[in-house]
Amino acid sequence: MMMTTHSIGRPRPTEYPLHAQGYVDLVPGDDAVKVLVNQAQLTRTLLESLGDERAGSFRYATDKWTAKEVLGHLADTERILAYRALRLARGDRTPLPGFEQNDYVTASHANLRTLTDLLSEWQSVRASTVALFRSFPGEAWTREGIVSDRQLTVRGIAYTAAGHELHHYRILQEKYAARS
């Protein structure tokens, strides 16, 4: 039975870390799950428009990731955020650690993979995230826990996940697609 995700409500600033404020601010409305569903095809279309070679070679600055690395980062981060949300939603109060995104990107070797393969993986991760979020009963959205020494809620994590993709979509659109 699919649980409702209607109007989970916007998180208060105390429900996500300060560094996630910019992500949360990008998410319109009061249903982050709907945003995750709706944004997925836009992101896929944008990345496909780059083509495999450009997606794995172009960097708009020497210290920036390629589009393939961004896509791998999106999948990795979403997996981690979904895991955190699962733990909190189930009432697990065990403090959870943070992660170093640059280490994950380096270890992913995303540029050695095809864009098609990365997109397929990311879409599977997205489908899993949406299914997980849709399974949460209403009371789960405000359950709290500690992640990387910060207090979060499930709702705050969902908005961070949606805003994180929106953030990277804008960068991909402005820095990668505009120059293709």
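Since we're looking at a predicted model, the values are computed, not measured.

Re the packing of helix 4 (residues 67-89) against helix 7 (residues 154-176)
Then comes step 1: As a packed pair, helix 4 and helix 7 sit with axes 9 Å apart at the nearest point and diverge in direction by 175 degrees. Of the possible angle classes, the one that applies to helix 4 and helix 7 is roughly antiparallel. Of helix 7, the residues touching helix 4 (which contributes Ala 67, Val 70, His 73, Leu 74, Thr 77, Leu 81, Arg 84, Ala 85, Leu 88 and Ala 89) are Val 154, Ile 157, Thr 160, Ala 161, His 164, Glu 165, His 168, Leu 172 and Tyr 176.
Then comes step 2: Within the contact of helix 4 with helix 7, the residues separate by chemical class into 12 nonpolar, five polar and two charged.

Some points on the pattern of salt bridges
Then comes step 1: Within this structure, the stated rule accounts for 12 salt bridges.
Then comes step 2: Where Arg 155 meets Glu 15, a salt bridge forms, and the shortest distance between an N and an O atom there is 2.6 Å. Of this pair, Arg 155 sits in helix 7 while Glu 15 is found in the segment before helix 1 (21-26), placing the two residues 140 residues apart along the sequence. Each member of the pair, Arg 155 as well as Glu 15, carries the same accessibility label: buried.
Then comes step 3: A single salt-bridge network, built from bridges that share partners, covers Asp 76, Arg 79, Arg 113, Asp 117 and Glu 121.

Thoughts on the nonpolar core
Then comes step 1: Core analysis: the biggest nonpolar cluster contains 31 residues, and Phe 133, Phe 136, Trp 141 and Val 154 have the highest contact counts within it.
Then comes step 2: For this core, the secondary-structure elements that each account for two or more residues are helix 1, helix 2 (32-50), helix 4, helix 6 (115-135) and helix 7.
Then comes step 3: Looking at this core, the element that brings in the most residues is helix 7, giving seven residues.
Then comes step 4: By size, the runner-up hydrophobic cluster in this structure holds 22 residues, among which are Ala 55, Val 70, Ala 75 and Leu 115.

A closer look at the environment of Arg 170
Then comes step 1: Within the secondary structure, Arg 170 sits in helix 7.
Then comes step 2: Sequence separation between Arg 170 and Val 24 is 146 residues, and the spatial gap between their C-alpha atoms is 14 Å.

Describing the side chain of Arg 84
Then comes step 1: On the secondary structure map, Arg 84 appears in helix 4.
Then comes step 2: Of the side chains with opposite charge, Glu 100 lies nearest to the buried Arg 84, which makes no salt bridge, at 11 Å.
Then comes step 3: Excluding anything up to four places from it in sequence, Arg 84 contacts Leu 96, Pro 97, Gly 98, Phe 99, Val 147 and Ile 157.

Points about the side chain of His 164
Then comes step 1: Looking at where His 164 falls in the secondary structure, it is placed in helix 7.
Then comes step 2: Those residues in contact with His 164 that sit more than four places away from it in its chain are Tyr 23, His 73, Leu 74 and Thr 77.

Re the environment of His 167
Then comes step 1: Relative to the helices and strands, His 167 resides in helix 7.
Then comes step 2: The exposure class assigned to His 167 is partly exposed, which follows from its relative accessible area of 28%.
Then comes step 3: Sequence-wise, His 167 and Val 105 are 62 residues apart; in three dimensions their C-alpha atoms are separated by 17 Å.
Then comes step 4: Contact partners of His 167, with chain neighbours within four places excluded, come to Tyr 23 and Leu 26.

Observations concerning the pairing of strand 1 (residues 144-147)
Then comes step 1: Burial along strand 1 is one-sided: Gly 145 and Val 147 are buried, and none of Glu 144 and Ile 146, which face the opposite way, are.
Then comes step 2: Hairpin connection of strand 1 to strand 2 (residues 150-153): two residues between the antiparallel strands, including Ser 148 at a positive phi of 50 degrees.

Describing unusual backbone geometry
Then comes step 1: The residue Ser 148 is not glycine, and still its phi comes out positive at about 50 degrees.
Then comes step 2: Looking at the secondary structure, you find Ser 148 in the loop between strand 1 and strand 2.
Then comes step 3: Among the residues examined, Ser 148 registers a relative accessible area of 28% and is labelled partly exposed.
Then comes step 4: Unlike most non-glycine residues, Asp 149 shows phi in positive territory, near 65 degrees.
Then comes step 5: Structurally, the position occupied by Asp 149 is in the loop between strand 1 and strand 2.

Some thoughts on helix 4
Then comes step 1: Relative to the 33 Å expected for 23 residues at 1.5 Å per residue, helix 4 spans 32 Å between its end C-alpha atoms, a close match to the ideal helical length.
Then comes step 2: Helix 4 sits mainly inside the fold: 20 of its 23 residues count as buried.
Then comes step 3: One or two positions beyond helix 4, positive phi appears at Gly 91, with a value near 85 degrees.

Parameters and conventions
Residues numbered from 1 in each chain as written. Predicted model: local features only at pLDDT ≥ 70, side-chain atom pairs only at ≥ 80, totals over all residues. Heavy atoms only, no water. Axes fitted to C-alpha atoms, helices over the stretch in contact; angles between N-to-C directions. Helix = DSSP H or I, 4+ residues; strand = E, 2+ residues; numbered from the N terminus. Parallel < 35°, antiparallel > 145°, perpendicular 65-115°, else oblique. Contact = heavy atoms within 4.5 Å. Nonpolar A, V, L, I, M, F, W, Y, C, P; charged D, E, K, R; others polar. Salt bridge = Lys/Arg side-chain N within 4 Å of Asp/Glu carboxyl O. Buried < 20%, exposed > 50% of the residue type's maximum accessible area, 1.4 Å probe, protein only. Core = buried A, V, L, I, M, F, W, Y, C linked by side-chain atoms within 4.5 Å. Lys, Arg positive; Asp, Glu negative; His and termini not counted. Pairing = 2+ DSSP bridges. Expected span 1.5 Å × (residues − 1).

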